[in-house]
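Coordinates in review
Take a look at the letters that make up each chain.
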Amino acid sequence: MNSHRIFLVCLFLASPFTVLENSGEDAAQLFTQKIGPLLESRCVSCHGPDKQKAGLRLDSREAAMKGGEGGPSLVPNDPDKSLLLQAVMHSKPDLEMPPKEKLTPRDIELLTLWIKAGAPWPVTKSEGITVSAGLGEYVGDAWSDKRNPIHQIWGGKRLDLWSLKPIRRVDPPRNNGRWARNAIDHFILHRLQSANLQPLPEADKRVLARRVYLDLTGLPPSFEQMQAFLSDKRSDAYERLVDQLLTSPRYGEHWARQWLDVVRYSDSNGFDWDEYRKDAWRYRDYVIRSFNSDKPFDQFVREQLAGDELIDGPPTSPKEQDLLIATGYLRVGPQDNSAPLFNEQARARAELLADLTETTSGAFLGLTMSCCRCHDHKYDPLSQADHFRLRAFFEQVKYADDLPLDLKEEQAVIRAHNAQLEEVLKDLTAKRSALLTPKEEELKAELIAMLSAEEAEILKQSKEGADAELKKKIEAVEKKVTPAEETVIAALPREQAKALEELKQEIEATKKRKRSFTVGLLMTDAEGIPPATKILFQGDHKQERNPVLPGFISAIDPNPAIIRKPVNSKTSGRRLTLAELIISPDNPLTARVLVNRIWQGHFGRGFVATPNDFGLAGAEPSHPELLDWLASELMARGWSIKQLHRLIVTSATYRQSSTAPGKVIAKGVASDSENQLLWRQTFRRMSAEQLRDSALFVSGLLQEKAGGPPVWPELPAEVLQANPAFLDDNAEKTKGWYPSPPGERNVRSIYLVQKRTVRVPLLETFDLPDNSTSCARRNESVVAPQALSLLNSPFAVETATAFAARVEREAGSLPKNQVQRVFEIAFQRSPKIQELETCTQFLQQRSLAELCRSVLNLNEFVYID
């Protein structure tokens, strides 16, 4: 016997299932893990509640023991008398189940062991949860219950993952000194002192104001706003400024962009065609409104995953409209519209469900569920079944792009208006038909008379019951004898033809008066019983295996989810159930993930440097106690994101300077080169959108836009000519690129069109992410094309020219006054003496526009601090 076979024998002997005859507990465990799923996947479709071939049901122990036409299928403790076992062994020619794809020898062996052990079939109720037949009794989490499948798969290992442990709120450490302003600082200072480090002093008031403006609104302050703040001597002047910025509409425009990165928002489908989605912007505007109104994050989750399940019937208020628009979250991922051309609808559907599962787990839970699409996770306590348990919540979704968004009363008005026009159209169409039909029949008779004998015979045939070839022939002859409308009109007397033309024009005018409903990019559920979700072998949609029911992460709760009853009577309630599981206080992930994202937005790096991966292969939290304290505080404050912002930006930790004398910096770098302990504020560059928007702002070109369809900027000719979709546009003009009028393009970057295959070059140069998948944290590169773009691109020239024109209008023609105003607008400060002299000398040789272009390239403008 070779070593490989010896290993297999030893493995089998070590299996707990080899002692089933003496252990009812092991037999019950075997049923839960193997036998129940086996019967569900291979037997119940033909012998279950929907169908009972030969009168046999195999979805309960009692039914199996009762048997069907051939007698009892299951005789506990006696495999030889159990017809079920004889059937799966294919030992009798007339009794072979399943008829195709016979069970494996191992499956038959386990079935035999289970019957020998008494065929236990546990079905119990525990803690108010009813467990379906074949799924076993209620099982606890992986830490407290060894029956948990995650515990069993990895033998109790991997369970030390910090992110799956309950949130633990600890009191902030007590520290000496007056530096701390709130609880955040006590946690930070404790870690710094443990590392023999001290925080840097508070930043200069002007630097701090510029920082908080850019962090909360994405735009710098004006010089006048800065002066107002600097002259405010009240002790709470900074806190008042923070409150002012949090109520600004610009706040939602900036922070919505962070969320749109995470949910892979796009105005186009992606794939080869990358068609434009004309209504995707409604979801973008919904996100902006949600941030501006400080919508509690738990409600934000409910609405995006299941807004349609929270309303029954047409919306009666803008708030209810938003419930429907929020489901755009489920639609903004990639969509392959070319799949039907290649009969790949099943593949496209599988990819849609996989994308929803993986984006949802990453965005809300910080888990890399994509790893589980094909196999159990390589690092984390997540099984392949977990992927499909989550996926089952989305199994019934369907596109709802035709669902009216108009308020209920307005929908009634639209329908009544269109119904009246339909009556008018019916009358006009009848009049036109009365004029056309006689002449049409006359011409048709002439064409029939010209048919060959064979064609005339074909025309007599009925298409009903005809095969495909005959149907094709009949249709060809019918087409041949049907005169074109133009031919009929030409054969009519002039007065009749004139009347027909008048009627045609009236019909077209009436059709144009019909009103359309307002629609969006939406999702809802298909009606009826949700189809079964089955685990796919290696993620292949063509290889279905065991079915699973909707459920949460098995390590936390391996039991089937109890589906909540939705308000919408036409939906399943599954997605609402998932939303409630995600925001449940028992789920330790969601609050941590959100806090980490907000912290990252203010420091450039979260407590966890891998925001979409809170797993064992991701980064560990730098300040776990503070992360948990903030997570618990977030929930205690009603999931208010604005309150979380305020807590962070008013802390002494946030207010620190990013620079200090060389010796101080050197000491900090020597102990903590990546600044994970936060002994200073991070030196951060503006994002692509902040940079473009700030340049427009200081130049005076920035246009306010209150939502609506996206704006299309101009693209270089080489980009347009290199894109196959642009060159092969369709009749609907959804593939091409159609720039907006020049006077409408200088809006905030969040309102620019977001295409998947083509990004705005300036934004792409400054690390605008690929929006095909969730972006948790943007790259922050420093490369030569960035300098070239800021110096030489058409955008740089345009903004610098406008900036110069603004300065000349506001400061006049005196060079020193112009330099003064340039610095006031760009940096919200006056120039230093040397800067004033150097720039004034520059203007003696170069233009004001060139000075402005140079200023917009300086680090002081491009970097937040």
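Residues numbered from 1 in each chain as written. Predicted model: local features only at pLDDT ≥ 70, side-chain atom pairs only at ≥ 80, totals over all residues. Heavy atoms only, no water.

**Here we look at the overall build of the chain**
Each helix and strand counted, the chain has 37 helices and six strands in total. By principal-axis analysis of the C-alpha atoms, the chain measures approximately 100 × 100 × 55 Å. Taken over 865 residues, the chain has a buried fraction of 51%. Of the contacts made within the chain by residues no fewer than 6 positions apart, 70% connect residues no fewer than 24 positions apart. In the chain, 113 side chains carry a positive charge and 118 a negative one; their mean positions are 3 Å apart. (Helix = DSSP H or I, 4+ residues; strand = E, 2+ residues; numbered from the N terminus. Buried < 20%, exposed > 50% of the residue type's maximum accessible area, 1.4 Å probe, protein only. Contact = heavy atoms within 4.5 Å. Lys, Arg positive; Asp, Glu negative; His and termini not counted. Charge placed at Lys NZ, Arg CZ, Asp CG, Glu CD.)

**Remarks on the layout of surface pockets**
Here the idea is plain: a probe the size of a water molecule rolls over the atoms and shows the empty space left. Size it by volume and the second largest pocket reaches roughly 830 Å³. Lining the second largest pocket are 43 residues, with Gln 258, Gln 600, Gly 601, Ser 687 and Arg 778 positioned closest to its centre. Mapped onto the lining of the second largest pocket, the elements with two or more residues apiece are α11 (249–262), α23 (590–603) and α28 (688–699). Among the elements that line the lining of the second largest pocket, the one with the most residues is α11, at eight residues. When grouped by side-chain class, the residues that make up the lining of the second largest pocket number 17 nonpolar, 11 polar and 15 charged. (1 Å grid on protein atoms, 1.4 Å probe; cavity = no way out; pocket = protein on both sides within 12 Å on 5 of 7 lines; lining within 4 Å. Points joined across faces, edges and corners; volume = space filled by probe spheres on them. Nonpolar A, V, L, I, M, F, W, Y, C, P; charged D, E, K, R; others polar.)

**Side note on unusual backbone geometry**
Following Met 97, the chain continues to Pro 98 via a peptide bond in cis, the omega torsion being -20°. By the element assignment, Pro 98 lies in the loop between α4 (83–88) and α5 (105–116). Residue Asn 675 is not a glycine yet carries a positive backbone phi of 60°. If you trace the backbone, Asn 675 turns up in the loop between α27 (662–671) and α28. Residue class for Asn 675 comes out buried when judged on its relative accessible area of 8%. One non-glycine residue, Lys 733, adopts positive backbone phi at about 55°. Locating Lys 733 in the fold gives a position in the loop between α30 (724–727) and α31 (761–765).

**Details of the confidence of the model for the chain**
In this model, the chain carries an average pLDDT of 90, and 95% of its residues clear a pLDDT of 70 or more. Confidence over residues 1–23 falls short of pLDDT 50; this stretch has 24 contacts with residues more than four positions distant or in other chains. pLDDT under 50 marks residues 123–135. Its contacts with residues more than four places away, or in other chains, come to 25 contacts. (pLDDT = per-residue confidence, 0-100.)

**Overview of the packing of helix α33 (residues 794–811) against helix α34 (residues 815–827)**
Where α33 meets α34, the closest approach of the two axes is 9 Å, and the angle between their N-to-C directions is 120°. As summarised for this structure, α33 and α34 are arranged oblique, according to the angle between their axes. Where α33 crosses over α34, the handedness of that crossing is right-handed. Taken together, the residues of α34 that come into contact with α33 (itself represented by Phe 803, Arg 806, Val 807, Glu 808, Glu 810 and Ala 811) are Asn 817, Gln 818, Arg 821, Val 822, Ile 825 and Ala 826. Considered class by class, the residues forming the contact of α33 with α34 number six nonpolar, two polar and four charged. (Axes fitted to C-alpha atoms, helices over the stretch in contact; angles between N-to-C directions. Parallel < 35°, antiparallel > 145°, perpendicular 65-115°, else oblique. Left-handed = near helix turned anticlockwise from the far one by under 90°.)

**Considering the packing of aromatic side chains**
With the rule as written, the count across this model stands at 24 aromatic pairs. Pairing Trp 259 with Phe 364 gives two aromatic rings, centres 5.6 Å apart and planes at 50°, and the pair type is tilted. With Trp 259 in helix α11 and Phe 364 in helix α15 (residues 345–365), this residue pair connects regions lying 105 residues apart in the sequence. Residue class for Phe 364 comes out buried when judged on its relative accessible area of 1%. (Phe/Tyr/Trp six-rings, centres within 6.5 Å; stacked < 30°, edge-to-face > 60°.)

**What to know about the nonpolar core**
If you look at the biggest cluster of nonpolar residues, it comprises 152 residues, and the most contacted ones within it are Trp 259, Tyr 283, Leu 305, Phe 364 and Leu 630. Looking at this core, the element that brings in the most residues is α23, giving seven residues. In contact with Leu 630, not counting residues within four places along its chain, are Ile 184, Val 595, Trp 599, Phe 607, Leu 644 and Leu 647. Judged by nonpolar contacts, the second largest core, of 24 residues, contains Leu 30, Ala 64, Ala 87 and Ile 108. (Core = buried A, V, L, I, M, F, W, Y, C linked by side-chain atoms within 4.5 Å.)

**What to know about the environment of Arg 257**
Of note, Arg 257 is situated in helix α11. Once you skip the residues sitting within four places of it in the chain, Arg 257 turns out to touch Glu 689, Ile 750, Gln 754 and Arg 778.

**Quick look at the environment of Ala 27**
Among the structural elements, Ala 27 can be located in helix α2 (residues 24–42). Ala 27 sits in the buried class, given a relative accessible area of 0%. Taking the C-alpha atoms as reference points, Ala 27 and Trp 121, separated by 94 residues in sequence, lie 8.9 Å from one another.

**Quick word on the side chain of Thr 524**
By secondary structure assignment, the location of Thr 524 is in strand β4 (residues 523–525). Polar side-chain contacts of Thr 524 include one of 2.8 Å to the side chain of Asp 308. If near-sequence neighbours (up to four positions away) are discounted, Thr 524 is found in contact with Asp 308, Gln 396, Val 397, Lys 398, Ala 400, Thr 571 and Arg 575. (Polar contact = N/O pair within 3.5 Å; in protein donor to acceptor, adjacent residues only side chain to side chain.)

**Quick look at a negative patch on the surface**
Taken together, the side chains of Glu 495, Glu 501, Glu 502, Glu 506 and Glu 508 define an acidic patch exposed on the protein surface. Considering the arrangement of structural elements, one finds Glu 502 in helix α21 (residues 494–512). In this structure Glu 502 comes out as partly exposed when scored by relative accessible area, which is 48%. (Patch = residues over 30% accessible without salt bridge, like charges linked within 9 Å, V, L, I, M, F, W, Y side chains within 5 Å. Areas by Shrake-Rupley, 256 points an atom, 1.4 Å probe, with all protein chains shown as cover. Salt bridge = Lys/Arg side-chain N within 4 Å of Asp/Glu carboxyl O.)

**Here's the deal with the environment of Glu 506**
When you line up the elements, Glu 506 lands in helix α21. The partly exposed category is assigned to Glu 506, whose relative accessible area is 41%. Sequence separation between Glu 506 and Leu 428 is 78 residues, and the spatial gap between their C-alpha atoms is 7.9 Å.

**Digging into empty space enclosed by the protein**
One pass over the full model with this rule turns up nine cavities of 30 Å³ or more. Looking at the largest cavity, its volume works out to about 130 Å³. In terms of lining residues, the largest cavity is bounded by 17 residues, among which Leu 691, Ala 695, Leu 762, Leu 790 and Phe 795 are the most central. Contributing elements (two or more residues each) for the lining of the largest cavity: α28, α31, α32 (784–792) and α33.

**Some thoughts on α21**
The end-to-end C-alpha distance of α21 is 27 Å, a good match for the 27 Å that 19 residues give at a rise of 1.5 Å each. Those residues of α21 that fall on the buried side of the exposure criterion are Ala 497, Leu 500, Leu 503, Ile 507 and Thr 510. End-on view of α21: buried residues confined to an arc of 145°, all on one side of the axis. Opposite the buried face of α21, at more than 90 degrees from it, the exposed residues are Arg 494, Glu 495 and Lys 512. Residues of α21 that are buried make contact with α17 (408–449) and α20 (485–490). (Expected span 1.5 Å × (residues − 1). Arc of directions from axis to C-beta.)

**Brief notes about the side chain of Gln 396**
Within the element layout of this structure, Gln 396 appears in the loop between α16 (384–392) and β3 (397–399). A distance of 2.6 Å separates a polar atom in the side chain of Gln 396 from the backbone oxygen of Gly 528. Beyond its immediate stretch of four places on either side in the chain, Gln 396 contacts Arg 349, Thr 524, Asp 525, Ala 526, Glu 527, Gly 528, Ile 529, Pro 530, Pro 531 and Ser 572.

**Side note on helix α12 (residues 281–292)**
If you check α12, its first and last C-alpha atoms are 17 Å apart, about what 12 residues at 1.5 Å a residue would give, namely 16 Å. Counting buried residues in α12 gives 10 out of 12 residues, a clear majority hidden from the surface. Taken together, the buried positions of α12 are occupied by Trp 281, Arg 282, Tyr 283, Arg 284, Asp 285, Tyr 286, Val 287, Ile 288, Ser 290 and Phe 291. Buried residues in α12 make contact with α11, α13 (297–306), α14 (318–325) and α25 (641–649). Note on α12: the residue one or two positions beyond its end, Asp 294, has a positive phi of about 55°.

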